[in-house]
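The primary structure of each chain is shown beneath.
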Amino acid sequence: MKILVIGGGGREHALVWKIAQSPLVSKVYCAPGNPGTAELAENLPIAVDQLDKLLAFAYEAKIDLTVVGPEQPLSLGIVDLFEAHGLKVFGPSQKAALIEGSKAFSKDLMYKYNVPTAAYGVFTDLAEAEDFIKRTGAPIVVKADGLAAGKGVIIAQTCEEAVDAVRDMLSGNAFGAAGSRVVIEEFLTGEEASFLVITDGKKILPLASAQDHKAIFDGDQGPNTGGMGAYSPAPVVTPAIHDIAMRQVLQPAIDGMAAEGRPYRGVLYAGLMVKDGEVKTLEFNARFGDPECQPLLMRMKSDIVPVLLAVANGDLAGCELEWHDKAAVCVVMAAEGYPGEYRKGDRISGLDAAAGLDDTYVFHAGTATKEGLCVTNGGRVLGVTSLGATVREAINGAYRAVAHITWPGVQYRSDIGRKALDRL
Ligand code: AMP
Ligand code: GLY
């Protein structure tokens with residue numbers, strides 16, 4: 001089989017790495033890919049939003065399966081376009097991807113189908129939003145309705161800060177059209193978990209549990225990022241919490257999408273807040289989480305290709321997933337300035353030494369090749385991921401590899417996985 005992976009981040013490098021191991025696969029392409037995927041696949045100079053070019057390539061190269069990594073092409077309708085041309089593709093349709101593409105839609109779906117979530121309101125009018133904020137009180141959470149690369153959420157400590165955030169979003173200054181509508185919601189406390197499933201719209205195959213680290217600095221301090229590290233399994237997801245998440249969150253959401261005429265196929269990612277044995281849903285994503293995908297795929301024992309293909313064919317019956325008992329930890333190494341404006345073009349050293357370590361894989365995200373050398377080219381640059389017999393060993397393995405790698409201004413958290421250790 002020939003497989004095309006769309007995207008160019010750590011998630012896509014992990015997907016290419018896993019897919020390339022399948023005995024069913026003869027060739028992998030990645031568009032646009034990165035220097036990491038180039039070692040395992042043929043990169044194509046096509047951006048993720050150039051749907052017509054992607055289609056033309058897939059059609060001419062007779063691609064057997066396309067796997068879509070990021071949310072943007074899903075929201076643009078890549079799955080509908082490919083299917084209309086008879087091509088097999090893994091991911092939700094445009095109508096189904098709205099579960100991530102509009103937070104207002106997603107919250108309304110949760111409300112309608114009794115999926116536990118924070119109390120909320122949806123606003124396009126500043127005065128009405130201000131009134132809701134004053135009645136609710138701070139801290140309070142303001143979210144841009146549309147896609148904002150994981151950065152459209154403001155946790156406001158005061159009502160004034162919340163009103164300022166709403167004003168910024170509604171005026172179009174903060175996130176353009178994505179902020180022309182806002183969701184304002186109750187502030188939740190607890191511990192977060194990433195709960196991902198693969199579904200054909202009927203059968204639901206849960207992936208192993210995982211936890212992300214959203215904030216830029218140690219101790220969950222500072223602004224939110226796309227994710228600074230992740231590990232799996234996540235002990236916060238006990239068997240009881242797993243059951244609650246399946247019964248109260250994933251099953252009703254997937255049934256609800258079908259009832260709304262938006263049958264859901266692909267990966268559905270629920271961001272959960274767990275507290276006192278209860279679960280609330282922070283958000284849904286229509287794709288694999290990044291960096292969660294990196295430790296999850298390192299732990300996946302089964303060949304992923306039959307599962308992706310079964311979803312593309314709309315029938316997961318008979319498919320199961322097996323996992324390694326080992327734990328996996330991914331430490332994201334980021335460029336100076338991230339999640340704000342960041343430095344680019346710095347030479348990365350130590351990649352070869354890190355690559356020689358056992359049970360460790362360095363997934364590339366924002367890297368580029370310049371004059372034959374690997375340089376930084378994005379906010380999140382690398383996902384250094386290790387397997388270990390325990391979370392502690394996996395943490396040690398990942399940081400041992402991180403210690404070999406450096407560039408001017410490199411930043412990473414030194415406490416990835418600590419929450420798992422605190423629960424041991
Ligand atoms: P979202 O993109 O909606 O998951 O929000 C990004 C991050 O903001 C989440 O992973 C949480 O860390 C935080 N967050 C979102 N909604 C809430 C909430 N209602 N209460 C507390 N934190 C939240
Ligand atoms: N790591 C969070 C996300 O992929 O949305």
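Residues numbered from 1 in each chain as written. Chains lettered and ligands numbered in written order. Predicted model: local features only at pLDDT ≥ 70, side-chain atom pairs only at ≥ 80, totals over all residues. Heavy atoms only, no water.

Brief notes about the packing of aromatic side chains
Link 1 in the chain: A full pass over the atoms with the stated rule returns eight aromatic pairs.
Link 2 in the chain: Among the aromatic residues, ring-to-ring pairing joins Trp-17, Tyr-361 and Phe-363 into one connected group. (Phe/Tyr/Trp six-rings, centres within 6.5 Å; stacked < 30°, edge-to-face > 60°.)

A look at the site of ligand 2
Link 1 in the chain: Taken together, Asp-212, Lys-214, Gly-226, Tyr-269, Asn-285, Arg-287, Gly-289, Asp-290, Pro-291 and Glu-292 make up the full set of residues adjacent to ligand 2.
Link 2 in the chain: With respect to ligand 2, the backbone of Gly-226 contributes an N or O atom lying 3.0 Å from a nitrogen atom.
Link 3 in the chain: One of the backbone nitrogen or oxygen atoms of Asp-290 is found 2.9 Å away from a nitrogen atom of ligand 2.
Link 4 in the chain: In isolation ligand 2 offers 190 Å² of accessible surface; the protein chains occlude 91% of this area. (Near = heavy atom within 4 Å. Polar contact = N/O pair within 3.5 Å; in protein donor to acceptor, adjacent residues only side chain to side chain. Areas by Shrake-Rupley, 256 points an atom, 1.4 Å probe, with all protein chains shown as cover.)

Examining the pairing of strand β4 (residues 65-68)
Link 1 in the chain: Of the two faces of β4, the one carrying Leu-65 and Val-67 and the one carrying Thr-66 and Val-68 are both buried.
Link 2 in the chain: Pairing of strand β1 (residues 2-7) with β4, which is carried by four bridges, proceeds in the parallel orientation. Residue pairing in the sheet places Ile-3 in a bridge with Leu-65 of β4. (Buried < 20%, exposed > 50% of the residue type's maximum accessible area, 1.4 Å probe, protein only. Helix = DSSP H or I, 4+ residues; strand = E, 2+ residues; numbered from the N terminus. Pairing = 2+ DSSP bridges.)

Some points on helix α7 (residues 126-136)
Because an α-helix packs 3.6 residues into every turn, residues spaced three or four apart end up facing the same way.
Link 1 in the chain: What α7 keeps buried is the set Ala-129, Phe-132 and Ile-133. The arc that holds every buried residue of α7, seen down its axis, measures 100°, which confines them to one face. Exposed positions of α7 whose direction lies more than 90 degrees from the buried face are Ala-127, Lys-134 and Arg-135.
Link 2 in the chain: Residues of α7 that are buried sit in contact with β6 (120-123), β7 (140-144), α8 (159-170) and β9 (182-186).
Link 3 in the chain: With a side-chain oxygen positioned 3.2 Å from the backbone nitrogen of Ala-127, the residue opening α7 is Asp-125. (Arc of directions from axis to C-beta. Contact = heavy atoms within 4.5 Å.)

Digging into the site of ligand 1
Link 1 in the chain: Residues in close proximity to ligand 1 total 14 residues, the closest being Lys-143, Glu-185, Leu-188, Glu-192 and Glu-283.
Link 2 in the chain: The contact in question runs from an oxygen atom of ligand 1 to an N or O atom on the side chain of Glu-192, over 2.3 Å.
Link 3 in the chain: Bound to the protein, ligand 1 loses 94% of the 470 Å² it would expose on its own.
Link 4 in the chain: If you list the elements that add at least two residues to the shell around ligand 1, you get β7, β8 (153-156), β9 and β17 (278-285).
Link 5 in the chain: Considering only residue class, the shell around ligand 1 consists of six nonpolar, one polar and seven charged. (Nonpolar A, V, L, I, M, F, W, Y, C, P; charged D, E, K, R; others polar.)

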